[in-house]
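Descriptive structure summary
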Amino acid sequence: GQNIDQPTEMTATEGAIVQINCTYQTSGFNGLFWYQQHAGEAPTFLSYNVLDGLEEKGRFSSFLSRSKGYSYLLLKELQMKDSASYLCASPDPPRQLTFGSGTQLTVLP
Amino acid sequence: DAGVTQSPTHLIKTRGQQVTLRCSPISGHKSVSWYQQVLGQGPQFIFQYYEKEERGRGNFPDRFSARQFPNYSSELNVNALLLGDSALYLCASIPSTGASEKLFFGSGTQLSVL
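In this text, all values refer to a predicted model and were calculated from it rather than measured experimentally.

Notes on the overall build of chain B
A tally of regular secondary structure across chain B gives zero helices and 11 strands. Mapped from its N terminus to its C terminus, chain B presents α and β elements in the order β-β-β-β-β-β-β-β-β-β-β. The C-alpha radius of gyration computed for chain B amounts to 13 Å, which stays within 12% of the reference 13 Å derived for 114 residues, consistent with globular compactness. When the backbone C-alpha atoms are referred to their principal axes, chain B occupies close to 35 × 25 × 25 Å. Within chain B, the proportion of its 114 residues that are buried is 49%. Pairs at least 24 apart in sequence give 52% of the contacts found in chain B among residues at least 6 apart. Put simply, chain B shows about 5,400 Å² of open surface, and 48% of that area lies on carbon and sulfur atoms. Charge separation in chain B, taken as the distance between the mean sites of 10 positive and 8 negative side-chain charges, equals 5 Å.

Following this line, the structure appears as structure tokens:
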């Protein structure tokens, strides 16, 4: 089994940059996922990291350090529509995705 | 292409009743997983099925059961409902069973137990 920790809430201003951190402890590592979930909707896939380093996809980037058990999601040029819950998750054991409790991001005008 | 479809979208039951939730995966996907999401928490794994066989079970009581049909659709059954079973039940579709496969979630069934 594993433990995944992420902050409960964050607030940022439109146009700013925000970093959402995630720490994990796993018995075996099979990569790390980030999902976005708007209120009342299904989670949608944002990124998957299995190797150390930063992966960039438009305004969103995700970073992984396997030695530190640490990941972050970086959101640039924040927009109001980015207000959502951001879920960090890892398959441990394989085929069973374990999620953190989610970070509720509020973007203010 | 249709995404993952779940029915019903909302359901209200009383304690002790039984409920069946349904899920159709994305065409071509052979694996389905079920998750329970309590308000303010991340989804919790309940079951995974692949080719009609159970491939994983989370830490849920035996009141929870599921099955997968030849067309890869799936049902989740919950017996003897408790107030604590009130949650959003999410179905996820996966092409196969690789650990790195990303999940495609349906919109969920919101179950309220009164």
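Next comes the rest of the write-up.
Here we look at the pairing of strand β8 (residues 74-78) of chain B
Residue and element names in this part refer to chain B. For β8, the buried fraction is high: five of the five residues fall into the buried class. Residue alternation in β8 divides its side chains into two sets, Ser-74, Leu-76 and Val-78 and Glu-75 and Asn-77, and both sets are buried. In terms of strand pairing, strand β3 (residues 19-24) meets β8 through five bridges, oriented antiparallel. Of the residues in β8, the one forming a bridge with Val-19 is Val-78. In this antiparallel pair of consecutive strands, strand β7 (residues 64-68) and β8, the connection spans five residues, and Tyr-72 shows a positive phi of 75°.

Brief notes about the interface of chain B and chain A
Facing 22 residues of chain B, the contacting portion of chain A comprises 17 residues. Taking both sides of the interface into account, the surface hidden between chain B and chain A amounts to around 1,600 Å²; carbon and sulfur atoms contribute 57%. Inspection of the region where chain B meets chain A yields four residue pairs in polar contact (both at pLDDT 80 or more). Among the secondary structure elements, those contributing two or more residues to the side of chain B that touches chain A are β4 (31-37), β5 (44-50), β6 (53-57) and β9 (87-94) of chain B. At three residues, β6(B) tops the list of elements feeding residues into the side of chain B that touches chain A. Among the residues forming the side of chain B that touches chain A, the class breakdown is eight nonpolar, 10 polar and four charged.

Here we look at the state of the cysteines
All names here are of chain A. Throughout the structure, instances matching the rule amount to two disulfides over all chains. Across the disulfide from Cys-22 sits Cys-88; the S-S distance is 1.9 Å. Residues Cys-22 and Cys-88 share a disulfide whose torsion about the S-S bond is about -70°; that sign makes it left-handed. Taken together, the residues span a long stretch of sequence, with Cys-22 in strand β3 (residues 18-26) and Cys-88 in strand β9 (residues 84-91) at a distance of 66 residues. Each member of the pair, Cys-22 as well as Cys-88, is classed as buried.

A short note on the pattern of salt bridges
Residues and elements named next belong to chain B. Inspection of every chain in the model, using the stated rule, returns nine salt bridges over all chains. Put simply, Glu-51 and Lys-30 hold a salt bridge, and the shortest N to O gap is 3.6 Å. One end of the pair, Glu-51, is in the loop between β5 and β6; the other, Lys-30, is in the loop between β3 and β4, and 21 residues separate them in sequence. Between Arg-57 and Asp-62 there is a salt bridge whose closest N-O contact spans 4.0 Å. Residue Asp-62 is classed as exposed on the basis of its relative accessible area, which comes to 71%. The network of salt bridges with shared partners includes Arg-22, Arg-67 and Glu-75.

About the cut-offs
Starting from 1, residues in each chain are numbered consecutively following that chain's sequence as written. Here chains are named by letter from A upward and ligands by number from 1 upward, in the order in which they appear as written. This being a predicted model, a pLDDT of at least 70 is required before a residue's local features are given, and a value of 80 or more before pairs of side-chain atoms are given or counted; all residues contribute to the totals for chains, interfaces and linings. With hydrogens and water set aside, each side-chain value is computed from the structure's full complement of heavy atoms. The helix count covers DSSP runs of H or I at least four residues long, the strand count covers runs of E at least two residues long, and both are numbered beginning at the N terminus. All radius of gyration figures rest on C-alpha atoms, and the globule criterion is 2.2 Å times the number of residues raised to 0.38. Exposure is judged per residue with a 1.4 Å probe applied to protein chains only, and the accessible area is read against the type maximum: over 50% gives exposed, under 20% gives buried, and values in between give partly exposed. Should any heavy atoms of two residues lie within 4.5 Å, those residues are counted as being in contact. In short, Shrake-Rupley with a 1.4 Å probe defines the accessible areas, and a residue's cover is counted only from the protein chains shown. Charged residues are defined narrowly, with Lys and Arg counted positive, Asp and Glu counted negative, and His plus the chain ends left uncounted. Charged side chains are reduced to one point each, which is NZ for Lys, CZ for Arg, CG for Asp and CD for Glu. A pair of strands is considered paired only if DSSP assigns at least 2 bridges between the two. Once two parts are put together, the accessible area they lose, assessed with a 1.4 Å probe and summed over both, is termed the buried area. N or O atoms within 3.5 Å of each other form a polar contact, as long as, within protein, one can give a hydrogen and the other can take it, and as long as residues adjacent in sequence are counted only when both atoms are side-chain atoms. Charged residues are taken to be Asp, Glu, Lys and Arg, nonpolar residues to be Ala, Val, Leu, Ile, Met, Phe, Trp, Tyr, Cys and Pro, and polar residues to be all remaining types, Gly included. Criterion for a disulfide: a pair of cysteine sulfur atoms at a distance within 2.5 Å. A carboxyl oxygen of Asp or Glu within 4 Å of a side-chain nitrogen of Lys or Arg is what we treat as a salt bridge.

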